[in-house]
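Chain and residue survey
The lines below spell out each chain.
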Amino acid sequence: MSTDRTDRTDRTGPRATAAALLPLLGGPANVTSVAHCMTRLRVGLLDPARVREEAVRAVPGVLGVVVDDGTYQVVLGPGAVTRVTAAFEELLDGTVAGEPAARGAAVGPERGRRDATPLRSALRRVAAVFVPLVPALVGCGVLAGLNGLLVNAGWLPGITPALSVVAAAFMALLAVFVGVNTAREFGGTPVLGGAVAAVVVYPGVAKVTAFGVALVPGQGGVLGALAAALLATYVEKACRGRVPDALDVLVTPALTVLVAGLATLYGLMYVAGAVASAVGTAATWLLTHTGAVAGLLLGGLFLPLVMLGLHQALIPLHTTLIEQQGSTPLLPVLAMAGAGQVGAACAVYVRLRHDTALRETIRSALPAGLLGVGEPLVYGVCLPLGRPFLTACAGGAAGGAFVGFFAMLGDGVGATAIGPSGWALFPLLTGSHGLAAAAAVYAGGLLTGYGVGFAATWIAGFPDGPHRTAGEAGAPAPARSSG
């Protein structure tokens, strides 16, 4: 019995999935980079034409595929993606010779840049800076929410100061991590990007005056850090080709930090601070004056962003709002897209009673959907069926309009950290009238999203009655058994 269980685990576990994916992606020599976010294995490829996409989609555990400007994204779902990525990297470490990988790293990104539109390429690269930071943002956000609950309740007063430090330390130095990742993404030396970005949060900047105004530590936030590290990368590259090799180790780092650091102090921090302030003002005005309409549009359009993999580009916007206002009012609105999708999936589950395979997919993906991780339901259920994806967007629009309507009435809801949504966002909520009022508005939005998503899918999600399967409904995925 134990041998049988081991065999089944070997065939369906993360190593088996990684072993199945690697040859389908063109083999080790075709892979130029490997990374992952909360749900997706992100692989850089030397030649995307070598990918056998239909076979990739058919690998057990694969929920979908997204091609985004030279990066091939395999949707695996939360938890599974971490284990499969580790196994994938182990396989590469054991099989990839240095020369093909290095050649791919040099050629693959260049091909991606040629094929990409400038806007999509910029969004992808900004997302690549912030995606690796999401686990820490989530972890520290959850701890900050827990600490806030303890402080408000007056519990454990001996622990809450230490918990506050643990939760806030990363956010205080977030600009440094952004600088490191920016330099790495754009081809500079990561530590030099971090050194220049550290200028933004260094307390001593309070002694510097720019444009007749004393600077404030943290002015410009992550936007200033991003710009500072990007400038440092370009300065470093300019120095590398001009400084003699014998002096490069001394002159290039010094000039990079000096030029980019002074430019950050006397320009970038001021400009980035103005931009960050404008972002906060615009977001507040949008929800305060056009909340219902804004919520309807944001909630209804977020699922297509998730489908295209562009939702990660919103991370710097959320982070800027949290740095400036203490919370982001956009995340609770965008979270309604997940609620619409949960409602749509429930309607599919009830109506397609004979499609046992699809119902099993919904049962396995629904817990993640309730916690705000939408890709399993997007790629495993709603998108393959076609119409339920659109009706899920309708549910998200309704939930977003609900939250936005209350923002117009003065009952705004915000999130003190990014990452989780759905039910997982409750500990991180804040609002103009306290946590209880914010939780009530957010819960009302979720229920609205569930209800409208369910009703819209029940009424309009199936072209020819309740017994159509995924394949029969015109899905791009292979037809499922109708049982």
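Cut-offs applied
Residues numbered from 1 in each chain as written. Predicted model: local features only at pLDDT ≥ 70, side-chain atom pairs only at ≥ 80, totals over all residues. Heavy atoms only, no water. Helix = DSSP H or I, 4+ residues; strand = E, 2+ residues; numbered from the N terminus. Buried < 20%, exposed > 50% of the residue type's maximum accessible area, 1.4 Å probe, protein only. Contact = heavy atoms within 4.5 Å. Axes fitted to C-alpha atoms, helices over the stretch in contact; angles between N-to-C directions. Parallel < 35°, antiparallel > 145°, perpendicular 65-115°, else oblique. Left-handed = near helix turned anticlockwise from the far one by under 90°. Polar contact = N/O pair within 3.5 Å; in protein donor to acceptor, adjacent residues only side chain to side chain. Core = buried A, V, L, I, M, F, W, Y, C linked by side-chain atoms within 4.5 Å. Pairing = 2+ DSSP bridges. Patch = residues over 30% accessible without salt bridge, like charges linked within 9 Å, V, L, I, M, F, W, Y side chains within 5 Å. Areas by Shrake-Rupley, 256 points an atom, 1.4 Å probe, with all protein chains shown as cover. Salt bridge = Lys/Arg side-chain N within 4 Å of Asp/Glu carboxyl O. Expected span 1.5 Å × (residues − 1). Bend = angle between axes of the 7 residues up to and from the residue. pLDDT = per-residue confidence, 0-100. Phe/Tyr/Trp six-rings, centres within 6.5 Å; stacked < 30°, edge-to-face > 60°.

1. Topic: the overall build of the protein
- Helices and strands together make up the secondary structure of the protein, namely 19 helices and eight strands.
- For the protein, the proportion of its 483 residues judged to be buried stands at 47%.
- A separation threshold of at least 6 residues defines the contact pool for the protein, and within that pool the share at least 24 residues apart is 73%.

2. Things to note about the packing of helix α15 (residues 336–351) against helix α16 (residues 356–370)
- Following both chains from N to C, one finds α15 and α16 inclined at 160 degrees, their axes separated by 10 Å at the closest point. The pairing of α15 with α16 is recorded here as roughly antiparallel in orientation. Seen from above, α15 lies across α16 with left-handed handedness. Contacts from Val342, Ala345, Cys346, Val348 and Tyr349 of α15 reach α16 at Leu358, Arg359, Ile362, Arg363, Leu366, Gly369 and Leu370.

3. Considerations on the side chain of threonine 320
- The residue threonine 320 is located in helix α13 (residues 315–325) in this model.
- Taking relative accessible area as the criterion, threonine 320 reaches 3% and is therefore assigned buried.
- A distance of 2.8 Å separates a polar side-chain atom of threonine 320 from the backbone oxygen of proline 316.

4. Things to note about the nonpolar core
- One finds Val178, Val348, Val381 and Tyr442 to be the most contacted residues of the largest nonpolar core, which totals 68 residues.
- Among the elements that make up this core, the one with the highest residue count is α15 (seven residues).
- For valine 348, the contacting residues outside a window of four places in its chain are Leu358, Ile362, Val381, Leu385, Pro388, Thr457 and Phe462.
- Of all hydrophobic cores here, the second largest spans 23 residues; its members include Val43, Tyr72, Phe88 and Leu91.

5. Some points on the pairing of strand β1 (residues 31–36)
- When β1 meets strand β2 (residues 40–45), the two strands line up antiparallel, connected through five bridges. Within β2, the position partnered with alanine 35 by the bridge is arginine 42.
- The turn joining β1 and β2, which pair antiparallel and follow one another in sequence, is formed by three residues.

6. As for a nonpolar patch on the surface
- Taken together, the side chains of Phe211, Val213, Tyr270, Val271 and Val275 present a nonpolar region at the surface, about 450 Å² in accessible area.
- Inspection of the secondary structure assignment puts valine 275 in helix α12 (residues 245–308).
- The class for valine 275 is partly exposed, based on a relative accessible area of 41%.

7. Thoughts on α16
- If you check α16, its first and last C-alpha atoms are 21 Å apart, about what 15 residues at 1.5 Å a residue would give, namely 21 Å.
- Maximal helix bending in α16 amounts to about 35 degrees, located at serine 364; proline proline 367 follows within four positions.
- Three or more residues of α16 are buried, namely Leu358, Arg359, Thr361, Ile362, Ala365, Ala368, Gly369 and Leu370.
- Among the structural elements, α15, α17 (375–385) and α19 (435–460) are those in contact with the buried residues of α16.

8. Some remarks on the confidence of the model for the protein
- Taken as a whole, the protein shows an average pLDDT of 83; of its residues, 87% reach a score of 70 or greater.
- This model gives residues 1–10 a pLDDT under 50, and the stretch forms one contact once residues within four places in sequence are excluded.

9. Focus on the pattern of salt bridges
- Under the criterion given, the structure shown has six salt bridges.
- For arginine 15, the salt bridge is made with glutamate 90, and the minimal N-O distance between the two is 3.5 Å. With arginine 15 in helix α2 (residues 14–24) and glutamate 90 in helix α4 (residues 80–95), the pair connects residues that are 75 residues apart, well separated along the chain.
- For glutamate 53, the salt bridge goes to arginine 57, with nearest N and O atoms at 3.0 Å. Pair noted here: glutamate 53 and arginine 57 are both in helix α3 (residues 53–58), with a separation of four residues, about one helical turn.
- One connected set of salt bridges, linked through shared partners, spans Glu236, Arg240 and Asp248.

10. Describing α17
- Buried residues dominate α17, accounting for 10 of its 11 residues.
- The set of residues buried in α17 consists of Glu375, Pro376, Leu377, Val378, Tyr379, Gly380, Val381, Cys382, Pro384 and Leu385.
- Backbone geometry just downstream of α17 places glycine 386 in the positive-phi region, at approximately 90 degrees.

11. Structural notes on the packing of aromatic side chains
- Counted under the stated rule, the structure contains six aromatic pairs.
- Residues phenylalanine 170 and phenylalanine 177 carry aromatic rings whose centres are separated by 5.1 Å and whose planes lie at 40 degrees to one another, so their mutual orientation is tilted.
- Judged by its relative accessible area of 38%, phenylalanine 177 is partly exposed.
- Ring centres 4.5 Å apart and planes at 40 degrees place the aromatic pair phenylalanine 211 and tyrosine 270 in the tilted group. In this pair, phenylalanine 211 is assigned in the loop between β5 (209–210) and β6 (213–214) and tyrosine 270 in helix α12, connecting sequence segments 59 residues apart.
- A relative accessible area of 34% means that tyrosine 270 is categorised as partly exposed.
- Three or more aromatic residues link up through ring pairs in this structure, and these residues are Phe402, Phe405 and Phe406.

12. Observations regarding the pairing of β2
- For β2, a buried count of six out of six residues is recorded, marking the element as mostly surrounded by other parts of the structure.
- Residue alternation in β2 divides its side chains into two sets, Arg40, Arg42 and Gly44 and Leu41, Val43 and Leu45, and both sets are buried.
- Relative to strand β4 (residues 71–75), β2 is paired through five bridges, and the arrangement is antiparallel. Paired with arginine 40 across the strands is valine 75, a residue of β4.

13. Remarks on the environment of leucine 137
- Relative to the assigned elements, leucine 137 resides in helix α7 (residues 134–153).
- Classification of leucine 137 as buried rests on a relative accessible area of 5%.
- Separated by 30 residues in sequence, leucine 137 and alanine 167 have C-alpha atoms that sit 9.4 Å apart.
- Not counting the four nearest positions on each side in its chain, leucine 137 is found in contact with Phe170, Met171, Leu174, Ile315, Ala417 and Ile418.

14. Here we look at unusual backbone geometry
- For leucine 156, which is not glycine, the phi torsion reads 50 degrees and is therefore positive.
- A positive phi angle, close to 60 degrees, is found at phenylalanine 211, a residue other than glycine.
- With relative accessibility at 55%, the residue phenylalanine 211 sits in the exposed group.

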